[in-house]
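# Understanding the architecture of this molecule
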Amino acid sequence: QVQLVESGGGLVQPGGSLRLSCAASGNIFSIYAMGWYRQAPGKQRELVVAITSGGSTNYADSVKGRFTISRDNAKNTVYLQMNSLKPEDKAVYYCNADKVRTSAWNIDNYWGQGTQVTVSS
């Protein structure tokens, strides 16, 4: 079984910064992509940013220039540095690990439990 454990959420003032971390553990052979999604109240879950094992990234337009994703493949860990936070960034942020290989014949997708990010003065 694969687990994703997130940390780093909290309350920050507009213009402030937060850093989220997500560590995947379990019997993991490889992970193709790791990323962050977010879901605000009354809205659908949306992609924030994802990064492949090769380092290719895909950012949502709304966070380009403000958020930076990084990944430590050896530790199966992904980080999200969030700068210049806005009230509209408030949401539950979920870590995702896509195409996780746990055996020669098993590939699956996993989610973390979510961490709350609140941007308010």
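Rules of the game
- Residues numbered from 1 in each chain as written.
- Predicted model: local features only at pLDDT ≥ 70, side-chain atom pairs only at ≥ 80, totals over all residues.
- Heavy atoms only, no water.
- Helix = DSSP H or I, 4+ residues; strand = E, 2+ residues; numbered from the N terminus.
- Polar contact = N/O pair within 3.5 Å; in protein donor to acceptor, adjacent residues only side chain to side chain.
- Contact = heavy atoms within 4.5 Å.
- Core = buried A, V, L, I, M, F, W, Y, C linked by side-chain atoms within 4.5 Å.
- Buried < 20%, exposed > 50% of the residue type's maximum accessible area, 1.4 Å probe, protein only.
- Salt bridge = Lys/Arg side-chain N within 4 Å of Asp/Glu carboxyl O.
- Pairing = 2+ DSSP bridges.
- Lys, Arg positive; Asp, Glu negative; His and termini not counted.

### Points about the side chain of Thr118
Topologically, Thr118 is positioned in strand E11 (residues 115–119). One polar contact links Thr118 to Gln116, side chain to side chain, over a distance of 3.5 Å. If near-sequence neighbours (up to four positions away) are discounted, Thr118 is found in contact with Gly10, Leu11, Val12 and Lys90.

### Digging into the nonpolar core
Ranked by internal contacts, the top residues of the largest apolar core, which has 32 residues, are Trp36, Leu80, Met82 and Tyr93. Elements represented by at least two residues in this core include exactly strand E3 (18–25), strand E4 (30–39), strand E5 (46–52), strand E7 (67–72), strand E8 (77–82), strand E9 (91–101) and E11. Considering each element in turn, this core owes the most residues, five residues, to E9.

### Concerning the pattern of salt bridges
Under the counting rule described, the total for this entry stands at five salt bridges. Arg38 serves as the salt-bridge partner of Glu46, at 2.8 Å between the closest nitrogen and oxygen. Classification of Glu46 by relative accessible area gives partly exposed; the value is 36%. According to the relative accessible area criterion, Arg38 is buried, its value standing at 6%.

### Regarding the pairing of strand E10 (residues 107–111)
Relative to E10, E9 runs antiparallel, the two sharing four bridges. Each bridged residue has a counterpart across the sheet, and for Ala97 the counterpart in E10 is Tyr110. A loop of five residues connects E9 with E10, the two strands running antiparallel in sequence.

### Details of the side chain of Glu6
You can see Glu6 is positioned in strand E1 (residues 3–7). It turns out Glu6 is buried and unbridged, and the closest side chain with the opposite charge, Arg45, is 7.8 Å from it. In terms of polar contacts, Glu6 uses its side chain to reach the backbone amide nitrogen of Gln113, at 3.3 Å. In terms of polar contacts, Glu6 uses its side chain to reach the backbone amide nitrogen of Gly114, at 2.5 Å. What Glu6 contacts, discounting residues up to four positions off in sequence, is Ser21, Cys22, Trp36, Tyr93, Tyr94, Cys95, Gly112, Gln113, Gly114 and Thr115.

### Here we look at the pairing of E3
In this sheet, E3 lies alongside E1 in antiparallel orientation, the contact comprising five bridges. Paired with Gln3 across the bridge in E3 is Ser25. Across six bridges, E3 lies against E8 in antiparallel orientation. Of the residues in E8, the one forming a bridge with Leu18 is Met82.

### As for the environment of Ser17
With respect to the helices and strands, the residue Ser17 is situated in the loop between strand E2 (10–12) and E3. Dropping the residues within four chain positions of it, Ser17 is found in contact with Val12, Gln81, Met82, Asn83, Ser84 and Leu85. Side chain to side chain, Ser17 and Asn83 meet in a polar contact 2.9 Å long.

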